[in-house]
Amino acid sequence: MSPAIQALLLLQDRDKRLRGMIEDLERIPKDETRAKERLAGDQAAVKNARDTLMANEVDIKKVELDAATRRTTILRLKTQQFETRKNDEYQALGHEIVRYDKDVDLLETKELELMEKADALRTALAAAEQALAKTKQRVDEELAMLAERRKRVEGEAADLRLERERLAAAVPEEQLPLYERLLKNKNGIAVVPAIGGKCSGCHIKLVTSTMVRVNSGLDGVQCESCGRLLYGED
Ligand SMILES: [Zn+2]
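Trainee: Even after reading the chapter, I still don't get unusual backbone geometry, so can you show me in this structure?
Mentor: In terms of backbone geometry, most residues other than glycine have negative phi values and most peptide bonds are trans. At Asn187, a residue that is not glycine, the phi angle is positive and equals roughly 55°. Assignment of secondary structure puts Asn187 in the loop between helix 3 (176–185) and strand 1 (191–195). Judged by the 10 C-beta atoms lying within 10 Å of it, Asn187 is exposed. Here His203, not a glycine, exhibits a phi torsion of approximately 60°, which is positive. Take His203: it is sitting in the loop between strand 2 (198–199) and helix 4 (208–215). Judged by the 11 C-beta atoms lying within 10 Å of it, His203 is exposed.

What follows is the structure in structure tokens.
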């Protein structure tokens, strides 16, 4: 294998690794978004639990107010009853008082039910908040891991770029542009061995004259089908 091919193969190896690192770095923001999205469901559940509890509190206040209004009415009716001298009016007021007393009883029962419901809703809210806290902890850990990975890969990529520049300097100058172009257009594989008379990049049979040049160890021999740089098996 010629020194030029050796240099190109080293370069190709580093370029491949560099490509992997760049892909890895490009994936990180997507992973971060996905991690954060996992919080949304739990956040919505907490909001829902809190809203339900608050609506229930409003209902309790309303029932309390209704009962208070009726108690005031009962007091007023009792005063009227005390002041009247007419027997039928006295009895009519008495019926009204009984009716309002029943209302108050019903409202008190309703309030107790709502307060029991509030207990259950508070428990549900606490559970939702706990679930959110757990998810948040996991998400924070994942985000920290991703930040760590970004830092590490960026460092490794920077080192690799320097090494790549050193290796590129060892490639014959006239072959470098062709290599770069093939790397870009041929999915990161620019230099391939000719195996069994075929280009191992595109797997198409090479013409005899090409194989002769490859076997003579010439540099810059290209596959006539895909254009990749070829080298012979030693
Ligand atoms: Zn080919």
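Trainee: Where do I start with the domain arrangement of the protein chain in this structure?
Mentor: Where interface size is quoted, it is often the accessible area lost as the parts come together. Looking at the assigned domains, one finds that the protein chain contains domain 1 (25–169) and domain 2 (178–232). Centre-to-centre, using C-alpha coordinates, domain 1 lies 68 Å away from domain 2.

Trainee: Teacher, can you tell me more about the sheet that holds strand 3 (residues 229–232) here?
Mentor: Spatial ordering of the open sheet is given by 2-1-3, a layout of three strands whose pairing is mixed. Each of the sheet's edge strands pairs with one partner strand only, and the pair in question is strand 2 and strand 3. Sheet analysis places strand 1 next to strand 2, joined by two bridges and oriented antiparallel. Bridge pairing links Ile195 to Lys198 in strand 2. Together, strand 1 and strand 3 form the strand contacts of helix 4, whose direction differs from that of strand 3 by roughly 65°.

Parameters at a glance
Residues numbered from 1 in each chain as written. Predicted model: local features only at pLDDT ≥ 70, side-chain atom pairs only at ≥ 80, totals over all residues. Helix = DSSP H or I, 4+ residues; strand = E, 2+ residues; numbered from the N terminus. Buried ≥ 20, exposed ≤ 12 C-beta atoms within 10 Å, placed from the backbone. Domains from an automatic or database assignment. Pairing = 2+ DSSP bridges. Contact = placed C-beta atoms within 7 Å. Axes fitted to C-alpha atoms, helices over the stretch in contact; angles between N-to-C directions.

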